[in-house]
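The residues making up each chain are set out below.
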Amino acid sequence: MHRAPTRLRTLALASALPIIFALAACQPTAPVLPKVTTAKATCTTDTSRSIVVASSIVSSTRQLLAAAKADGLKLCGGGYRDAASQIAVRKANCGPTQYDIYEKPASQCTPPTAKPGTSQHEKGLAIDFESCQTKTSACYKWLAQNAKTYGLKNLPSEPWHWSTTGG
Ligand SMILES: [Zn+2]
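Parameters and conventions
Residues numbered from 1 in each chain as written. Predicted model: local features only at pLDDT ≥ 70, side-chain atom pairs only at ≥ 80, totals over all residues. Buried ≥ 20, exposed ≤ 12 C-beta atoms within 10 Å, placed from the backbone. Helix = DSSP H or I, 4+ residues; strand = E, 2+ residues; numbered from the N terminus. Pairing = 2+ DSSP bridges. Expected span 1.5 Å × (residues − 1). Arc of directions from axis to C-beta. Core = buried A, V, L, I, M, F, W, Y, C linked by C-beta atoms within 7 Å. Contact = placed C-beta atoms within 7 Å.

A. Up close: the pairing of strand β6 (residues 158-163). A large share of β6 lies buried, amounting to five of its six residues. As defined by bridge partners, strand β4 (residues 126-129) adjoins β6 across three bridges and the pair is classed as antiparallel. Its bridge partner being in β6, D128 is matched across the sheet by H161. Relative to β6, strand β5 (residues 153-155) is paired through three bridges, and the arrangement is antiparallel. The residue bridging L155 from the neighbouring strand is E158, located in β6. Hairpin connection from β5 to β6: two residues lie between these consecutive antiparallel strands.

B. Region of interest: helix α3 (residues 83-94). The end-to-end C-alpha separation of α3 is 16 Å, in line with the 16 Å expected for 12 residues at 1.5 Å each. If you check which residues of α3 are buried, you get Q86, V89, R90 and C94. Taken down its axis, α3 places every buried residue within 105 degrees of arc, on the same side. Residues A84 and A92 are exposed on α3 and point more than 90 degrees away from its buried face.

C. Structural detail: the nonpolar core. Core analysis: the largest hydrophobic core is formed by 25 residues, its most contacted members being V53, F129, C139, L143 and W162. Broken down by secondary-structure element, the contributors of at least two residues to this core are β2 (50-54), α2 (55-70), β4, α5 (138-146) and β6. With five residues, the single largest contributor to this core is α2. Beyond its immediate chain neighbours, meaning those up to four positions away, L143 contacts F129, C132, N154 and W162.

D. Molecular detail of α5. Here α5 has its buried residues at C139, Y140, W142 and L143. Projection of α5 onto a plane perpendicular to its axis shows the buried side chains occupying an angular sector of 165 degrees, all on one side.

What is shown is where atoms sit, not what they do.
What follows is the structure, given as structure tokens:
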């Protein structure tokens, strides 16, 4: 008989949980990604700067930068973004409301910007190269020829965006 109240409390909590989760679901949030271990690849444009990427691709990124430099192309750019930075980029590119930040399709942002929790930048697996704004740039042309050797693919709608998946 001593156990009955405990069981009742457990039952009460168990039946309240779906309601608690339903209430939490009303607030838009981003999927929480596993923590990313990052490392720096020194820029060849300016050795005081670096591209922060996932540790898993830092060595291939360094090799890409060295190979481009050997061909006369110096590179720098932006790699890893934490969750707060991705939200800030969504705010800037998609708009200020909760809908704009968390729900608006990426394609409706200028430039297109992945929803928080879904960007390859948040995994440290994407780089936006600074001198790659167009497909006629020397940067784009070199990467189009060589990036695949180092495991990076272009997102066709964004000449500057290169990632392990092309997404
Ligand atoms: Zn990007």
